[in-house]
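The primary structure of each chain is shown beneath.
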Amino acid sequence: MAAPDPQQAADPAAVKRHPALFRAIRKRQNPRLRRTDITVTDDAAVKRAVKAASLGNAMEWFDFGIYSYLAVTIGHVFFPSGNDTTQLLSSFATFAVAFLVRPLGGMFFGPMGDKVGRKKVLALTMILMAVGTFAIGLIPSHDTIGVWAAVLLIFFRMLQGFSTGGEYGGASTFIAEYAPDKRRGFFGSFLEFGTLAGYVGAAGLVTALYALLNDAQMEAWGWRIPFLVAGPLGLVGLYLRLKLDETPAFQKLEGGTAHASEAADGVEATAKGDLAKIFRQYWPTLILCICLVGAYNITDYMLLSYMPTYLSDELGYSETHGLLILLAVMVFLMAIISQVGKLSDHFGRKPLLMAGMLGFLFLSLPAFLLIRVDGILPITIGMLMLGLSLVCMLGTMSAALPALFPTNVRYGSLSVGYNLSASIFGGTTPLVITALISWTGSNLMPAYYAMAAALIGVIAVACMKETAQQPLIGSPPSVETDEEAAELVQAQSPEPKF
């Protein structure tokens with residue numbers, strides 16, 4: 001944390017008696033930037049880092065997405081026959097199990113990323129996710145091995161969840177620490193472009209299988225194909241991540257090549273990433289992170305994971321019908337998400353995040369009323385209303401969240417905060433909504449749940465500080481050109497007195 005202002009800590013009378021002394025102390029603690037303090041980014045290196053982090057993230061969310069889109073089929077394969085709602089609830093409960101262990105993954109991989117480096121941990125999470133997903137594709141059905149089928153499914157879902165605990169915090173930290181300050185929103189938006197690409201790949205493959213195979217074929221062997229595809233895809237992501245250099249900010253922690261001013265040295269001098277320190281020193285920011293991520297994850301999983309099941313199970317559409325509409329919406333969001341990232345660089349993170357939260361608060365109910373109307377056009381318009389609200393958060397959150405924490409605990413703090421929230425709110429969203437609909441008999445419960453989440457999000461956004469175009473806490477300024485660096489140094493030089 002930054003050194004306290006000596007003027008605030010000292011006796012006001014002493015400050016008044018010795019103004020020159022206290023000015024000297026302040027200058028010593030907060031020296032002006034030197035040219036060597038400023039990180040000038042390598043454009044090619046930034047693009048490589050963004051590509052590897054985003055593609056790796058796409059692989060992770062492809063793996064996670066296929067389970068969501070095959071929830072109904074998986075319920076039939078792994079759980080005893082009986083009531084369809086009970087099978088669906090069992091399937092979504094197993095989906096939620098992966099989120100229960102995500103905080104453990106975040107607490108394990110996050111501090112490790114602050115100790116041994118972002119790159120190594122991101123490669124490890126990639127391996128574990130690919131292994132877990134591939135293994136699910138090999139599990140025999142309930143009819144073959146009985147209850148052990150569900151036990152093995154839960155075990156490998158937990159492995160997936162454990163690995164994902166280190167993914168988002170690491171990938172968003174990786175991009176944020178590579179990107180120049182003025183374009184962090186633009187480059188950060190590609191992480192969520194990868195998320196959408198993973199979901200689109202999963203939804204596209206599952207849609208094709210539902211179209212080509214009948215229900216008996218899907219339950220016999222067709223559902224396994226997407227899980228088995230994940231193995232080779234994971235190797236591609238691993239190769240890309242291993243080819244990267246460590247981030248400039250982490251190199252500074254190791255005494256590497258990135259330069260920082262003496263003011264930043266106080267923050268970046270150690271890479272302990274200690275969990276106790278995170279909870280002890282940064283708990284207010286952790287709570288803010290949990291609230292932001294909770295609102296974002298509930299709306300995200302409701303639209304991108306749960307919606308096809310809602311359309312088929314609650315409204316009676318075919319699985320292919322719901323997936324095709326969602327595919328079209330996600331492709332549209334992919335087309336505009338980088339522009340949203342640019343807007344967040346220009347106007348700030350808070351206005352974009354607030355627009356997304358208010359969109360869900362006021363548009364969720366009208367959107368679901370449209371979705372309930374029979375016909376492709378009203379369903380598409382309703383889902384677009386939700387999608388446009390969501391993309392305001394998707395395109396902004398991956399730049400806003402890493403900026404909440406200083407460099408030496410960024411990976412650990414963000415992984416802990418993000419995954420605690422994802423565990424409590426995100427992964428339970430399909431299960432909670434399905435249960436609420438079952439208990440109340442109202443298929444408008446997803447709208448009410450999203451509105452409640454958005455209200456918390458509005459309060460959280462109002463409480464956060466604006467971080468657009470500013471250096472990350474504990475890191476030196478990061479610019480694109482030598483000219484920008486020179487301008488920053490010049491701006492701090494005092495005007496000559498004549």
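(A) Examining the overall build of the protein chain more closely. Tallying secondary structure elements over the protein chain gives 25 helices and two strands in all. Taken over 498 residues, the protein chain has a buried fraction of 56%. By element, 66% of the accessible surface of the protein chain is carried by carbon and sulfur atoms, the whole surface being about 19900 Å².

(B) Expanded view of the environment of Met357. Of note, Met357 is situated in helix α20 (residues 349-371). Separated by 99 residues in the primary sequence, Met357 and Ile456 have C-alpha atoms spaced 8.8 Å apart.

(C) Structural context of helix α11 (residues 167-178). With 12 residues, α11 extends 17 Å from end C-alpha to end C-alpha; this agrees with the ideal 16 Å at 1.5 Å per step. Buried residues dominate α11, accounting for 12 of its 12 residues. Listed in full, the buried residues belonging to α11 are Glu167, Tyr168, Gly169, Gly170, Ala171, Ser172, Thr173, Phe174, Ile175, Ala176, Glu177 and Tyr178.

(D) How the structure looks around the nonpolar core. Core analysis: the biggest nonpolar cluster contains 122 residues, and Met383 and Leu401 have the highest contact counts within it. It is helix α18 (residues 283-314) that contributes the most residues to this core, 16 residues altogether. Look past the residues within four positions of Leu401 in its chain and what remains in contact with it is Tyr168, Cys289, Leu292, Val293, Leu414 and Tyr418.

(E) Region of the structure containing the pattern of salt bridges. Counted by the stated rule, this structure contains three salt bridges. The salt bridge involving Arg410 is made with Glu177; its shortest N-O contact spans 2.8 Å. Placement of the pair is Arg410 in helix α22 (residues 410-426) and Glu177 in helix α11, with a sequence separation of 233 residues. Of the two residues examined, Arg410 and Glu177, each falls in the buried class. Asp345 is the salt-bridge partner of Arg349, the closest N and O atoms lying 3.0 Å from each other.

(F) Structural view of the environment of Leu361. Residue placement: Leu361 occurs in helix α20. Taking C-alpha positions, Leu361 is 6.4 Å from Leu455, a pair spaced 94 residues apart along the chain.

(G) Up close: the confidence of the model for the protein chain. Taken as a whole, the protein chain shows an average pLDDT of 80; of its residues, 82% reach a score of 70 or greater. Low pLDDT (under 50) marks residues 1-8, which in the prediction has 12 contacts with non-local residues, meaning those over four places away or in another chain. Counted against residues more than four places away or in other chains, residues 256-273, with its pLDDT under 50, gives 46 contacts.

(H) Just the packing of α11 against α22, in detail. Running from N to C, α11 and α22 point in directions that differ by 140°, and their axes come no closer than 8 Å. Viewed along their axes, α11 and α22 adopt a mutual orientation that is oblique. Crossing angle aside, the handedness with which α11 passes α22 is right-handed. Packed against α11, whose contacting residues are Tyr168, Gly169, Gly170, Ser172, Thr173 and Glu177, the element α22 presents Arg410, Tyr411, Leu414, Ser415 and Tyr418 at the interface. Residue classes in the contact of α11 with α22 are distributed as four nonpolar, five polar and two charged.

(I) Structural detail: helix α7 (residues 102-116). For α7, spanning 15 residues, the distance from its first C-alpha to its last is 20 Å, which sits close to the expected 21 Å at 1.5 Å a residue. Restricting attention to buried positions, one finds in α7 the residues Arg102, Pro103, Gly105, Gly106, Phe109, Gly110, Pro111, Gly113 and Asp114.

(J) Representation of the packing of aromatic side chains within the structure. By the definition in use, this model includes 11 aromatic pairs. For the ring pair Trp223 and Phe227, a centre distance of 5.8 Å and an interplane angle of 75° mean the geometry is edge-to-face. In this structure Phe227 comes out as buried when scored by relative accessible area, which is 0%. Pairwise contacts between aromatic rings join Phe186, Phe187, Phe190 and Phe193 into one cluster.

(K) Summary view of a nonpolar patch on the surface. There is a patch of nonpolar side chains on the surface, built from Leu124, Ile127 and Val131 and spanning about 220 Å² of accessible area. One can find Ile127 in helix α8 (residues 118-136). With relative accessibility at 38%, the residue Ile127 sits in the partly exposed group.

(L) The packing of α11 against helix α12 (residues 184-212), seen in detail. Contact pair α11 / α12: the axes reach a minimum separation of 9 Å and the direction vectors enclose 150°. The orientation of α11 with respect to α12, classified from their angle, is roughly antiparallel. Judged by the sense of rotation from one axis to the other, the crossing of α11 with α12 is right-handed. Across the interface between the two elements, Tyr168, Ala171, Ser172, Ile175 and Ala176 of α11 pack against Arg184, Phe187, Gly188, Leu191 and Glu192 of α12. Looking at the contact of α11 with α12 residue by residue, the class counts come to six nonpolar, two polar and two charged.

Definitions and cut-offs
- Residues numbered from 1 in each chain as written.
- Predicted model: local features only at pLDDT ≥ 70, side-chain atom pairs only at ≥ 80, totals over all residues.
- Heavy atoms only, no water.
- Helix = DSSP H or I, 4+ residues; strand = E, 2+ residues; numbered from the N terminus.
- Buried < 20%, exposed > 50% of the residue type's maximum accessible area, 1.4 Å probe, protein only.
- Areas by Shrake-Rupley, 256 points an atom, 1.4 Å probe, with all protein chains shown as cover.
- Expected span 1.5 Å × (residues − 1).
- Core = buried A, V, L, I, M, F, W, Y, C linked by side-chain atoms within 4.5 Å.
- Contact = heavy atoms within 4.5 Å.
- Salt bridge = Lys/Arg side-chain N within 4 Å of Asp/Glu carboxyl O.
- pLDDT = per-residue confidence, 0-100.
- Axes fitted to C-alpha atoms, helices over the stretch in contact; angles between N-to-C directions.
- Parallel < 35°, antiparallel > 145°, perpendicular 65-115°, else oblique.
- Left-handed = near helix turned anticlockwise from the far one by under 90°.
- Nonpolar A, V, L, I, M, F, W, Y, C, P; charged D, E, K, R; others polar.
- Phe/Tyr/Trp six-rings, centres within 6.5 Å; stacked < 30°, edge-to-face > 60°.
- Patch = residues over 30% accessible without salt bridge, like charges linked within 9 Å, V, L, I, M, F, W, Y side chains within 5 Å.

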